[in-house]
Structures are given as C-alpha cells and as structure tokens.
Protein chains: 2
Amino acid sequence: MSSIFGNRLKKLRGLKNIPQRKVASFLDVDAATYCKFENGDRKARREQVTLLAVFFSINEKELLQLWSADKVYEILVEEEDAKEILSVVAEKISNYCNKR
Amino acid sequence: MSSIFGNRLKKLRGLKNIPQRKVASFLDVDAATYCKFENGDRKARREQVTLLAVFFSINEKELLQLWSADKVYEILVEEEDAKEILSVVAEKISNYCNKR
DNA sequence: TTCGACTTGACAACATTTGTCAAGATTAAA
DNA sequence: TTTAATCTTGACAAATGTTGTCAAGTCGAA
C-alpha cells in the first residue's frame, strides 16, 4: 500500500528525525492518521498537504505533485490501458483553452 | 462543463438518432441523469459505462478510456503543473511491479 | 399554442472518506 | 527479558461527497 507521497513524508521525517506524533500534532490529527499517510493507507486532504510542506519547510508544489500523482495512479490501476488513458488526458490538457 | 466521455455519448446517440429517454431507460435511470452524463455534469458509474458500450454496440474499452481520462483530468485541472504530474505518474506506472 | 426533447437546481438516499480509539506489533535501551 | 516509546492496524461514528429523482423550467418544430 505504499505511495509516492507517503514515502516522501517518511524520508522528510527521517531527516528531521522526529516521531510521527509531532507531525500529527502539527496537523492536528491523531498520530494514527498521520501514520496512515506515510504508509499510503489514507490520503491526506489538500489543506494537509500545505501544512506538511510548511512543517517540513519544502516547496508546496513538489509535495502537491506527488499527492496528485498518487490520486491519478489510483484511478489508472483500476484500468488495464493506463498508458493509453494517459495519452488521452495529455491531449485534453493541450486543448485546455479550446471549447467545443 | 463538457467532458470527453459525454461528448462521445452525444455523438453515438446522434448516430442512432434516438432520444436521451431511451438510453436512460436502458440504464434504468431518470432521463435527467443521462442528460447530465452527456453534458459532463455528472459522472457515470463504472457499471453504467459497460451498459452504455452494450447499448451503443461499441468496444467497452474505448468508452472506459474516455471515462477514466475524464476522472484523471478532473484531478489535474485542480493543479497548475498538470504535465509534471503526468510524468510522475507515467514513471510510477513503469515501475508497476517494483516494491520498495 | 402545444408537444416532445432537453436542461437545471434542490433534495433525500446512499456511499465514501476522515479521524479517533483501542489493541496489537515493533524497536531500542537497560 | 522487561520496559517504554513508537509505529501499525481494524473497527467505528461523524463528516463529506455522490447518485438519482422530481419539479420546474427552456428550446424548437409543427
């Protein structure tokens, strides 16, 4: 159940060398909840990503990318043709501004 | 609020030249619900995608791709760096089988 | 105008997600 | 080993989100 986002949190916390409890209290959640974030058992909420970036003093954008990537991945693993789907999406993103 | 999936439904129904009401009753939902599918105001459920492929006699995989693409797109529009996120995902998909 | 088809907003019913608690692992130190 | 702190896990209520319906529209063609 590991996630890119969760693995990043683990690594960041490892660098600071502090217990989950501390991060959890900064987020104002139970330590169990934060534990699940690290292990990919629960997704953090959007606002919590912001808080985590602040807590670990890193660029929010970077964390947000990993968080979003996990969400996208979650959709794709359900389907067999992940790559084809990605290219459909990529195309739609290019046509961003075009209305039909 | 248009969606790739919904636009495809519209086109398919146009070819058959039948009212929304008919498709809706095949799906066993209100016509209003199906109307929303076409206009991207509501997402169909996974099982409904299958039914729609049957109804329009097309390859389920194709419809499913569009349906998934919409879901992915929905996540990406919320964030600014859609393309970077996609490449993070693409990488994760390649490493499919690797556990860490 | 009248008819059928389409669209839209609000709402209840249903489903999913979130956070907590409590109990159980795991780890490190003495 | 025993202890103490940390981490992990499952089950549950509360909060949040989604789905389908209804009712009240709009729009176009006859």
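As the structure is a computational prediction, the values presented were derived from the model and not from experiment.

Student: Help me understand helix H6 (residues 82-94) of chain B in this model?
Tutor: Residues lying three or four places apart along an α-helix face the same way, a consequence of the helix completing one turn every 3.6 residues. Residue and element names in this part refer to chain B. End to end, H6 covers 19 Å across 13 residues, agreeing with the expected 18 Å (1.5 Å per residue, within 8%). Turning to H6, its buried residues number three or more, namely Ala82, Ile85, Leu86, Val88, Val89, Lys92 and Ile93. Along the axis of H6, the buried residues cluster in a sector spanning 160 degrees; they form a single face. In H6, the exposed residues that point more than 90 degrees away from the buried face are Lys83 and Glu91.

Student: It is not clear to me how the packing of helix H1 (residues 4-16) of chain A against helix H3 (residues 31-39) of chain A should be interpreted in this structure. Could you clarify?
Tutor: All names here are of chain A. The geometry of H1 relative to H3 is characterised by a closest axis approach of 6 Å and an angle of 115 degrees between their N-to-C directions. Considering the angle they form, H1 stands roughly perpendicular to H3. Packed against H1, whose contacting residues are Gly6, Asn7, Leu9, Lys10 and Arg13, the element H3 presents Tyr34, Phe37, Glu38 and Asn39 at the interface. In terms of residue class, the contact of H1 with H3 is made up of three nonpolar, three polar and three charged.

Student: How should I be thinking about the interface of chain A and chain B in this particular structure?
Tutor: Often, the extent of an interface is quoted as the loss of accessible area on bringing the components together. With 34 residues of chain A at the contact, the number on the chain B side is 34 residues. Both faces considered, chain A and chain B share a buried interface measuring about 3,100 Å² in area, 68% of it formed by carbon and sulfur atoms. For the pair chain A and chain B, the interface holds six salt bridges. Taken together, the links from chain A to chain B amount to one residue pair in polar contact (both at pLDDT 80 or more). Looking at the side of chain A that touches chain B element by element, the count peaks at 14 residues for helix H5 (residues 60-77) of chain A. Within the side of chain A that touches chain B, the residues separate by chemical class into 18 nonpolar, five polar and eleven charged.

Rules behind the numbers
- Residues numbered from 1 in each chain as written.
- Chains lettered and ligands numbered in written order.
- Predicted model: local features only at pLDDT ≥ 70, side-chain atom pairs only at ≥ 80, totals over all residues.
- Heavy atoms only, no water.
- Helix = DSSP H or I, 4+ residues; strand = E, 2+ residues; numbered from the N terminus.
- Expected span 1.5 Å × (residues − 1).
- Buried < 20%, exposed > 50% of the residue type's maximum accessible area, 1.4 Å probe, protein only.
- Arc of directions from axis to C-beta.
- Axes fitted to C-alpha atoms, helices over the stretch in contact; angles between N-to-C directions.
- Parallel < 35°, antiparallel > 145°, perpendicular 65-115°, else oblique.
- Contact = heavy atoms within 4.5 Å.
- Nonpolar A, V, L, I, M, F, W, Y, C, P; charged D, E, K, R; others polar.
- Buried area = accessible area lost by both parts, 1.4 Å probe.
- Salt bridge = Lys/Arg side-chain N within 4 Å of Asp/Glu carboxyl O.
- Polar contact = N/O pair within 3.5 Å; in protein donor to acceptor, adjacent residues only side chain to side chain.

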